[in-house]
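Spelled out, the chains give:
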Amino acid sequence: LYPDLLRWGQSLPAKYLPGKIWQGVARSALYADERRPTLTFVLFVREQLLSIGICAAIAAAAAPAALPPRLGAALQLALLAFAVAVSVAAIWRRLPAALAARLPASLAGWNQGLPSRAVLARVWLLQWLAYAAMVAAFAALLAGFGLRIGLAQAASALCLAGLAGVVAILVPAGLG
């Protein structure tokens, strides 16, 4: 009973905290024996930036049909620019000292324990594959309900909802 209560107690905050926050806290605890929690958190932030960049790039694939064409194109370009900026931030190996000094304490280790380019490439590829699988599952779900939506529109809708969930960080279970 005691181990079950501990597992339940550990999973309980996940129901009320946004998932990404809980993942970051949990990883710092899981890898505490291997590296400092701040370094684990920095690596987690890098991973999340890569994920958000990929999500924004997929969301840029198609504009919502409800938007006028010019506004839709502007949204797509803004999402693509955001995707590039966030991805570059994730793979930026060494921040200039002046910029690194302005980071919050939890990100102070940005320039320490740098992941190799090969590791960053693998993480980026695995994130892309995960999003591709998620989009395929979403498209299969839509088809199962008889909805006729193109793959680009379905992928964009799914990723826009995910980005909305990230923006609404204080909403339990996410807004997306």
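Worth saying up front: this structure is predicted, and the values here are computed from it rather than measured.

J.: What is the right way to look at the overall build of the chain in this model?
T.: The helix and strand tally for the chain stands at 7 helices and 0 strands. Going residue by residue from the N terminus, the α and β elements of the chain occur as α-α-α-α-α-α-α. A buried classification covers 27% of the 176 residues belonging to the chain. Put simply, 61% of the contacts in the chain that link residues at least 6 apart link residues at least 24 apart. As displayed, the chain has an accessible area near 11,000 Å², and 72% of this comes from carbon and sulfur atoms.

J.: What exactly am I supposed to notice about helix H4 (residues 69-91) here?
T.: Helical periodicity: at 3.6 residues per turn, an α-helix aligns residues three or four positions apart in one direction. Here H4 is 23 residues long and its end C-alpha atoms lie 33 Å apart, about the 33 Å a rise of 1.5 Å per residue gives. Of all the residues in H4, the buried ones are Gly72, Leu79, Ala83, Val86, Ser87 and Ala90.

J.: Looking at this structure, I do not really get the side chain of serine 156. What am I missing?
T.: Along the chain, serine 156 falls in helix H7 (residues 151-167). Among the residues examined, serine 156 registers a relative accessible area of 2% and is labelled buried. Among the polar contacts listed, one links the side chain of serine 156 to the backbone oxygen of alanine 59, at a separation of 2.6 Å. Setting aside chain neighbours within four positions, we find serine 156 in contact with Ile58, Ala59 and Ala62.

J.: Explain the nonpolar core here, please?
T.: The nonpolar side chains of a soluble globular protein tend to be buried, and buried together. Core analysis: the largest hydrophobic core is formed by 16 residues, its most contacted members being Cys55, Ile58, Ala59, Leu79, Tyr131, Cys159 and Leu163. For this core, the element with the highest residue contribution is helix H3 (residues 37-59), accounting for 6 residues. Cysteine 159 has contacts with Cys55, Ile58, Ala59 and Tyr131, leaving out every residue within four places of it along the chain. Core analysis: the second largest hydrophobic core is formed by 6 residues, Val45, Leu95, Leu107 and Trp110 among them.

J.: Just checking my understanding: could you explain the confidence of the model for the chain for this structure?
T.: Do not read the fine detail of predicted coordinates wherever pLDDT is low. The predicted model of the chain has a mean per-residue pLDDT of 80, with 76% of residues at 70 or higher. Within the chain, the lowest mean pLDDT, 65, falls on helix H1 (residues 2-16), and the highest, 92, falls on H4.

J.: What am I meant to see in a nonpolar patch on the surface here?
T.: Residues Trp124, Leu125, Leu126 and Leu129 make up a contiguous nonpolar surface patch of about 420 Å² in total accessible area. Mapped onto the elements of the fold, leucine 125 is located in helix H6 (residues 117-144).

J.: Could you clarify how one ought to interpret the packing of aromatic side chains in this entry?
T.: Describing an aromatic ring pair means giving the distance of the ring centres and the angle of the ring planes. Here the structure, examined in full by the defined rule, presents 1 aromatic pair. An angle of 75 degrees between the planes, with centres 5.9 Å apart, marks the rings of tryptophan 124 and tryptophan 128 as edge-to-face. Placement of both tryptophan 124 and tryptophan 128 in helix H6 is noted, with a separation of 4 residues, approximately one turn of the helix. Overall, tryptophan 124 belongs to the partly exposed group, its relative accessible area being 40%. Take tryptophan 128: its relative accessible area is 28%, and that puts it in the partly exposed class.

Rules used throughout
- Residues numbered from 1 in each chain as written.
- Predicted model: local features only at pLDDT ≥ 70, side-chain atom pairs only at ≥ 80, totals over all residues.
- Heavy atoms only, no water.
- Helix = DSSP H or I, 4+ residues; strand = E, 2+ residues; numbered from the N terminus.
- Buried < 20%, exposed > 50% of the residue type's maximum accessible area, 1.4 Å probe, protein only.
- Contact = heavy atoms within 4.5 Å.
- Areas by Shrake-Rupley, 256 points an atom, 1.4 Å probe, with all protein chains shown as cover.
- Expected span 1.5 Å × (residues − 1).
- Polar contact = N/O pair within 3.5 Å; in protein donor to acceptor, adjacent residues only side chain to side chain.
- Core = buried A, V, L, I, M, F, W, Y, C linked by side-chain atoms within 4.5 Å.
- pLDDT = per-residue confidence, 0-100.
- Patch = residues over 30% accessible without salt bridge, like charges linked within 9 Å, V, L, I, M, F, W, Y side chains within 5 Å.
- Salt bridge = Lys/Arg side-chain N within 4 Å of Asp/Glu carboxyl O.
- Phe/Tyr/Trp six-rings, centres within 6.5 Å; stacked < 30°, edge-to-face > 60°.

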